[in-house]
Amino acid sequence: MSPDELAAAGLRLDVDAVVATITLDRPDVRNAQTPAMWRALGRIGEELPDTVRVVVVQGAGSSFSAGLDRTLMDPRTAPEGVESVGDLFGMSDEEMAETIEVYQRGFTFLRDPRFVSIAVVRGHAVGAGFQLALSCDLRVLADDALLCMKESALGLVPDLTGTKPLVECVGYARALEICATARTVGAAEAVQIGLALTAVPAEELDATVADLVVALTAPLAGAVSETKGLLLGAAQRPLEEQRRLEREAQVRRFREVAQFLG
């Protein structure tokens, strides 16, 4: 996508060698998300160069994302010619599910084993914002971060792929409590219950993420991507299958290391 197309969807993309930085760029509305943004995120995932090893997702300004742009919930109040979440009300069940599946692609690409994804969270990460952060492999928080799965308060459910990683991070009971009550989880609690790697003072956040990016890009690229591939789904696989995948991955690693050593 061109910079102008991304800007129209409220996004920026910067690719610097092996690091891609995706910025939600609607700071005047705390980076509230739209269907156009979700579609553009999916396009980014399709078009990222294979050389990218780390994807950083962040929000412009003082918040990561306040979630869905609420002006787009009702088609009667949405701006003319703008795709609205409220448009879903007029669709058949099949059309609605197919449209949501397209929206979900803007989140699922962050799990691609080709790279490690990092959510850099300042301020609010609410609803779709929380789910976007959950879609990333790693979450690094400023100490002012506030996480909230707001959907139940609107009579809805989280549908942008956030339920699976939430359960994987905190377990079923805690995930149910967080979703059903729509309560806010602060940065310290997020670290304590496994939602985030760390929480640091806001002025240290960029440096902390930069150090993490350096550490992630230091090993051979194949070692990190193969490791991510092994860990994804490991909890659901039988031991024998996981052992086989480890062996196969290690054979590939030995072959590549041998080429590297010359």
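That block above? That's the structure.
This text gives an overview of the structure that appears in the document. (Residues numbered from 1 in each chain as written. Predicted model: local features only at pLDDT ≥ 70, side-chain atom pairs only at ≥ 80, totals over all residues. Heavy atoms only, no water.)

What follows covers unusual backbone geometry. A positive phi is found at Asn 31, a non-glycine position, where the angle reads about 60 degrees. Looking at where Asn 31 falls in the secondary structure, it is placed in the loop between β2 (19–24) and α2 (35–47). Accessibility expressed as a relative area gives 0% for Asn 31, which makes it buried. Although it is not a glycine, Ala 182 sits at a positive phi angle of roughly 55 degrees. Looking at where Ala 182 falls in the secondary structure, it is placed in the loop between α6 (172–181) and β8 (184–186). (Helix = DSSP H or I, 4+ residues; strand = E, 2+ residues; numbered from the N terminus. Buried < 20%, exposed > 50% of the residue type's maximum accessible area, 1.4 Å probe, protein only.)

A word on a negative patch on the surface. Side chains of Asp 143, Asp 144, Glu 203 and Glu 204 sit close together on the surface and give a patch of like negative charge. Mapped onto the secondary structure, Glu 204 falls in the loop between β9 (198–200) and α8 (205–217). (Patch = residues over 30% accessible without salt bridge, like charges linked within 9 Å, V, L, I, M, F, W, Y side chains within 5 Å. Areas by Shrake-Rupley, 256 points an atom, 1.4 Å probe, with all protein chains shown as cover. Salt bridge = Lys/Arg side-chain N within 4 Å of Asp/Glu carboxyl O. Lys, Arg positive; Asp, Glu negative; His and termini not counted. Charge placed at Lys NZ, Arg CZ, Asp CG, Glu CD.)

The subject of this paragraph is the packing of helix α5 (residues 163–170) against α6. The contact between α5 and α6 brings their axes to 7 Å, and the two run at 130 degrees. Considering the angle they form, α5 stands oblique to α6. Here α5 and α6 pass one another in a crossing that is right-handed. Between α5 and α6, the residues in contact are Leu 166, Val 167 and Val 170 and Tyr 172, Arg 174, Ala 175 and Cys 179, respectively. Here the contact of α5 with α6 is built from residues that sort into six nonpolar, no polar and one charged. (Axes fitted to C-alpha atoms, helices over the stretch in contact; angles between N-to-C directions. Parallel < 35°, antiparallel > 145°, perpendicular 65-115°, else oblique. Left-handed = near helix turned anticlockwise from the far one by under 90°. Contact = heavy atoms within 4.5 Å. Nonpolar A, V, L, I, M, F, W, Y, C, P; charged D, E, K, R; others polar.)

Before going further, it helps to examine the packing of α2 against helix α3 (residues 93–108). When two helices pack together, you describe them by how their axes are tilted relative to each other and by the distance separating the axes. Following both chains from N to C, one finds α2 and α3 inclined at 60 degrees, their axes separated by 6 Å at the closest point. Between α2 and α3, the interaxial angle falls into the category oblique. Of the two possible hands of crossing, α2 and α3 adopt the one that is left-handed. Only Thr 99, Val 102, Tyr 103, Arg 105, Gly 106 and Phe 107 of α3 make contact with α2, whose side of the interface consists of Pro 35, Trp 38, Arg 39, Leu 41 and Gly 42.

Let us look at the pattern of salt bridges. Oppositely charged side chains may form a pair once their charged atoms are brought near each other. In this structure the tally under the stated criterion is 18 salt bridges. For Glu 240, the salt bridge is made with Arg 243, and the minimal N-O distance between the two is 2.7 Å. Taken as a pair, Glu 240 and Arg 243 lie in helix α10 (residues 239–261) at a separation of three residues, close to a single helical turn. Through salt bridges with shared partners, a single ionic network connects Arg 174, Glu 177, Arg 183 and Glu 189.

Of all hydrophobic cores here, the largest spans 51 residues; its most connected members are Leu 11, Val 55, Val 121, Leu 147, Leu 166 and Leu 195. In terms of nonpolar packing, the next biggest core, distinct from the first, is built from 15 residues, Val 116, Ile 118, Ala 142 and Leu 205 among them. (Core = buried A, V, L, I, M, F, W, Y, C linked by side-chain atoms within 4.5 Å.)

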